[in-house]
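Summary of the model geometry
Okay, here's what each chain looks like letter by letter:
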Amino acid sequence: MSSEAVKLCKSRALRSEWYVVADAADVADVPVTVKVLGVSFVLWRDLEGKLIAVFDRCPHRHAPLSGGVVRDGCLVCPYHFWKFDAEGTCVNVPSLGAGARLPASTSLAVMQVRELYGLVWLCPGVPTGEPPRIVEDDDASFRRINAGKEVWKVAATRMIDNFCDVAHFPFVHAGTIGDGVDPVVAPFNVVQLDAEFVGYEYTVDVLDEAGETIRQRMSTGFHLPFTIRSNTHYESGSREGDDRVLLLCATPIDEANSLFTFVVWRNHDHDVPAEDLLAFDRAIGAEDKLMLEQIEGGLPLDNSATVSVRSDRLSVEWRRRLAGLLDADRVRDT
Ligand SMILES: [Fe+2]
């Protein structure tokens, strides 16, 4: 494998994966354009509220369909007003007159989409699986909070490497979670946490407002290609029994830009306004963004191309498995 960063947009294997592209609430009766792996798609909803995604390109003269409008649940191209229904079928070409027989080539390929956790997930090719399952989303005792999305000027590989890494906490996050944290990272083993995530478990003791020790049992894991889940279970102290799940999602817009969103599930603090609960996590994200946007290029997946130490074990394993996923490209190319 090359020591250069892999070209994500050239990978066919990555096109079979799922990516967060929008907040579900942001897609209604106006076309919404999104970009994944360098390719633009347009989203809209039909009259029943069904979500539809197609390439953002009219088959007629390649005009961006996102510049058009939604009429009667159909997407209308801004150039010659060709009209496409929820199946991607072209149902009207004005220049041919009403009732004209339209060849199949006038229709659009409809992409696979899912609405999960308040997010729109899109697979830009033929999916080999489903987006990661967060079981707490089906548990009525948990409240889900969506943070909205941001564009970071950094490769998605750099983001996931960062989300796998706790060794930067005392330095990059000195203003938030890193304050007073021991820089020494205890050894850990990477294991299959459950059917969906690979990572490690650890225990952290912190003091609550009353000075009482709270023991937190935590796990951090990845789901290929670019999703991280961090679970916190409070085992003792004033928060005993509280659980928190954090899902971090990076979507490669192209090689150098990524969409970042996170979702939090909590079985506590239900009366605290969402924005108050998000503020701290947003501040942590801003610290990471500031650091990562200074790093040029994507992360080489060949682990020998960068130097890693014991505390990088999760990232090293994620990179090894992502490289394995991308090997499918090499196998097909030979
Ligand atoms: Fe960080």
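The numbering scheme is per chain: residues are counted from 1 as the chain's sequence reads. Restriction of local features to residues with pLDDT of at least 70 applies here, the model being predicted, together with a cutoff of 80 or more for giving and counting side-chain atom pairs; totals for whole chains, interfaces and linings are based on all residues.

Overview of the sheet that holds strand β11 (residues 143-152)
Our working rule: Strand pairing is defined by DSSP finding a minimum of two bridges between the two strands. Where helices and strands are cited, they refer to DSSP runs of H or I of at least four residues and of E of at least two residues respectively, numbered from the N terminus. Residue pairs are scored as contacts if the distance between their C-beta atoms, which are placed from the backbone, is within 7 Å. Working convention: axes come from line fits to C-alpha atoms, limited for helices to the stretch in contact. Angles between N-to-C directions cover 0 to 180 degrees.
Read across the open sheet, the 7 strands follow the order β11-β17-β16-β15-β14-β13-β12; overall the sheet is antiparallel. Two strands in the sheet have a free side with no partner beyond their single neighbour: β11 and β12 (191-192). As paired elements, β12 and strand β13 (residues 198-207) share 2 bridges and run antiparallel to each other. Each residue of the ladder has a partner; that of Val191, found in β13, is Gly199. Strand contacts of helix α1 (residues 156-163): β11, β14 (213-223), β15 (227-234), β16 (243-252) and β17 (258-266), with the helix running at about 160° to β16, the strand carrying the most contacts. Where helix α3 (residues 274-292) meets the sheet, it contacts β11 and β17, and its direction lies at approximately 30° from that of β11.

Remarks on the domain arrangement of the chain
Quick reminder of the rule: Throughout the structure description, domain borders are defined by an automatic or database domain assignment. Polar here means any residue outside two lists: the nonpolar Ala, Val, Leu, Ile, Met, Phe, Trp, Tyr, Cys and Pro, and the charged Asp, Glu, Lys and Arg; Gly therefore counts as polar.
Along its sequence, the chain is carved into domain 1 (27-118) and domain 2 (135-329). Each of domain 1 and domain 2 has a C-alpha centre, and the two are 36 Å apart. Facing 6 residues of domain 1, the contacting portion of domain 2 comprises 8 residues. Residues belonging to the side of domain 1 that touches domain 2 are distributed by class as follows: 3 nonpolar, 2 polar and 1 charged.

Details of the pairing of strand β9 (residues 112-116)
Judged from the 5 bridges that link them, β9 and strand β10 (residues 119-123) form a sheet pairing that is antiparallel. Across the sheet, residue Gln112 finds its bridge partner in β10, namely Cys123. Linking β9 to β10, which pair antiparallel, is a turn of 2 residues; within it Tyr117 sits at a positive phi near 60°.

Some words on unusual backbone geometry
Put simply, Leu224 and Pro225 share a cis peptide bond, and its omega is 0°. Although it is not a glycine, Phe81 adopts a positive phi angle of roughly 65°. As for its position among the elements, Phe81 is in the loop between β6 (74-76) and β7 (83-84).

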